[in-house]
Amino acid sequence: MAISAAEISGSAAGSSSTCATRSSTCRAATGTCRWGRLAEPSLKSRRVGSYGQYLVAAPRLLEERAAPRSPGDPAAFPLVANAALADPAGWVFTDAAGCQAKVRGDIAATVSTTPAVLAGALCRPGGAVLPSFLVDGFLGEGRLVRLLPDWRLKEGGIRIVYPPGRFRLPRVAAFADMLARASEPSALAAQSG
């Protein structure tokens, strides 16, 4: 993970997920910080970090249904899907050896924002694929369980997005530099150590 969960949560207090951008956003001066897929090709961006994605479920759901043991198992496991994604039911899992498994989930509910997907996972209508920074605290509290921990999903990118043009306010450039430095491995090791 490139930036700590506290920094993301604090920066994204007013975040939203939109179908047009298919990403979560937070305003940063006259630039925008986005995580997820960038859908506007006319905008310029700078990658400043990344985050993992996890398949998670509430422990109560796992009392009712067996947890998936391999990527093929979620096909029969109910999922809460995010309609803002291009393919809300399709995921590619990769193991340590680099082998990939493409999965189509069994959608129990569809919602249009990432916080609603999280709420669905916590309330147990189904498991969900969610960003690590959003679920790390719930995993630590035992309110969610990570499924298939030996498999990983594609990382998401965190970007500073600028309107087209060459001029950028110095404060926006400084903010982008700060985020990029915070996401460097040495900075992350210092935060956790």
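For the structure, see preceding data.
First things first, this report covers the structure right here in the doc. From a predicted model like this one, the values you see are computed outputs, not experimental measurements.

Reading guide: rules and limits
- Residues numbered from 1 in each chain as written.
- Predicted model: local features only at pLDDT ≥ 70, side-chain atom pairs only at ≥ 80, totals over all residues.
- Heavy atoms only, no water.
- Core = buried A, V, L, I, M, F, W, Y, C linked by side-chain atoms within 4.5 Å.
- Buried < 20%, exposed > 50% of the residue type's maximum accessible area, 1.4 Å probe, protein only.
- Helix = DSSP H or I, 4+ residues; strand = E, 2+ residues; numbered from the N terminus.
- Pairing = 2+ DSSP bridges.

### Things to note about the nonpolar core
Formed by Leu55, Ala57, Leu61, Phe77, Leu79, Trp91, Phe93, Val103, Val129, Leu147, Leu148 and Leu153, the largest nonpolar core amounts to 12 residues. Those elements giving two or more residues to this core turn out to be β5 (53–57) and β7 (90–94). Within the second largest apolar cluster, 11 residues are counted, among which are Tyr54, Leu118, Ala128 and Val135.

### Concerning unusual backbone geometry
In the Ramachandran plot, arginine 124 falls in the positive-phi region, its phi being about 80° despite a non-glycine side chain. Within the secondary structure, arginine 124 sits in the loop between α3 (114–123) and β10 (128–131). Owing to a relative accessible area of 29%, arginine 124 belongs among the partly exposed residues under this scheme. Located in the positive-phi region is leucine 148, a residue other than glycine, with phi close to 50°. Note on placement: leucine 148 falls in the loop between β11 (145–147) and β12 (152–153). The class of leucine 148 is buried, set by a relative accessible area of 6%.

### A look at the pairing of strand β6 (residues 78–82)
The buried fraction of β6 is high, at five of five residues. The side-chain alternation of β6 yields two buried faces, one formed by Pro78, Val80 and Asn82 and the other by Leu79 and Ala81. Judged from the five bridges that link them, β6 and strand β9 (residues 106–111) form a sheet pairing that is parallel. If you follow proline 78 over to β9, its bridge partner there is aspartate 106.

### Quick notes on the sheet that holds β12
Reading across from one edge, β8-β7-β12 is the order of the three strands in this open sheet, with antiparallel pairing throughout. Each edge of the open sheet carries a strand with a single partner, namely β8 (100–104) and β12. Across two bridges, the pairing between β7 and β12 is antiparallel. Bridging from a neighbouring strand, phenylalanine 93 pairs with leucine 153 of β12.

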